[in-house]
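Secondary and tertiary structure notes
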Amino acid sequence: MIYYLFDMSNHKYITFIGIIFAFAVTCIVLYSLGKLLPKDMGRDFAHDGKLSAGKPRGAGFLFIITFIVSALLFIPVQREIIVYLIYTAAAMITGFLDDCAKAPWGEYKKGFLDLIIAIALAVSYLRFNTSTINLEPFGSNVTIPPLLFVILAVILIWVSINVTNCSDGVDGLSGFLSIITLMTIFFICEKKEIDSDFGHLILLFCMCILAYLWYNITPSIIMMGDAGSRAMGIFISIAIIKSGSPLLYIPVAFMLILDGGLGLLKVSLLRFLKIRILRNVRTPLHDHVRKVWGWSNTQVMFRFATIQVLISIAVIYMMLIIYG
């Protein structure tokens, strides 16, 4: 909206103002309204889960709303971007309703809602883009039949929502990992000259998460809840699919997948196929390293983030070799 009040040559300055706006307003909103959020009841199954009892949760509702407002103000209004904002809001709302519920929603209910959103998002993506993807590091393009593309995209979106959600159990962990992942995707989009407006959208999202982390670093005083983690997960999936290199989701979100995905795999195999794996490993992985290895929350966050940074640097280096 503000974008159209100025000359196109000033778009970089407008983006910079938008970044400052998103960070500052998110900080103000969380500080002013955070106390009105529902209170966490603690989690019996999580290591030190009871320590979270009484803290405001559902902060994702506030920083996602701020992100959407910032995007509408500082990013040129395009139908495609509006659609992505709607699906990000949908994931946030389903998560926030769970945060507000007196009794947590069941896994099947949340999984089904995630599936519906994932299908709708995958179909909507094809309305604005082709089903051609890049196969890095080989540098070749492959056009996938639309139906197969939708199926694979649904899987990626559903997985991204849930592994990001499962990794949200240590102060600052999922937020920092999501920022590293999104900034890596931002670099990929820049090198491949993907729509610059979408790149600016990624920056705004990262600024809102960064502002939230101001209040969430150990010892945290506020928690994002499912409203934040599910919205981050779906936005990460949107970003990596939009980059045209969806297979890079595995390395750029490796620690999110490893931390949250092991638990999903372990439970799914046991529940549906009666196959028991990782008998001596607690999941999510961040609970294992705290309970068994004795890591502190700070050690978990920085060590997991360090591993992801190293992997992301390798991905960035590969993209520099391929695209110059």
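It should be noted that the structure appears before, not after, this text.
Residues numbered from 1 in each chain as written. Predicted model: local features only at pLDDT ≥ 70, side-chain atom pairs only at ≥ 80, totals over all residues. Heavy atoms only, no water.

Under the definition given, this model contains 11 aromatic pairs. Measuring from ring centre to ring centre gives 5.3 Å for Phe63 and Tyr212, while their planes differ by 40°; the resulting arrangement is tilted. Here the residue Phe63 occupies a position in helix H2 (residues 59-74), and Tyr212 occupies one in helix H7 (residues 196-216), the gap between them amounting to 149 residues. Of the two residues, Phe63 and Tyr212, both sit in the buried class. Ring geometry for Tyr84 versus Phe198: centroids 6.0 Å apart, planes at 80°, classification edge-to-face. On the criterion of sequence distance, the pair formed by Tyr84 in helix H3 (residues 79-100) and Phe198 in helix H7 is long-range, its members being 114 residues apart. The residues Tyr84 and Phe198 share a single accessibility class, namely buried. One aromatic cluster is present, formed by Phe67, Tyr84, Phe198, Phe205 and Phe235 through successive ring pairs. (Phe/Tyr/Trp six-rings, centres within 6.5 Å; stacked < 30°, edge-to-face > 60°. Helix = DSSP H or I, 4+ residues; strand = E, 2+ residues; numbered from the N terminus. Buried < 20%, exposed > 50% of the residue type's maximum accessible area, 1.4 Å probe, protein only.)

This paragraph deals with the environment of Leu37. One can find Leu37 in the loop between helix H1 (11-33) and H2. Judged by its relative accessible area of 7%, Leu37 is buried. Placed 186 residues apart in sequence, Leu37 and Met223 show a C-alpha to C-alpha distance of 9.6 Å. Setting aside anything within four residues of it in sequence, one finds Leu37 in contact with Pro56, Arg57, Gly58, Ala59, Leu62, Phe96 and Ile222. (Contact = heavy atoms within 4.5 Å.)

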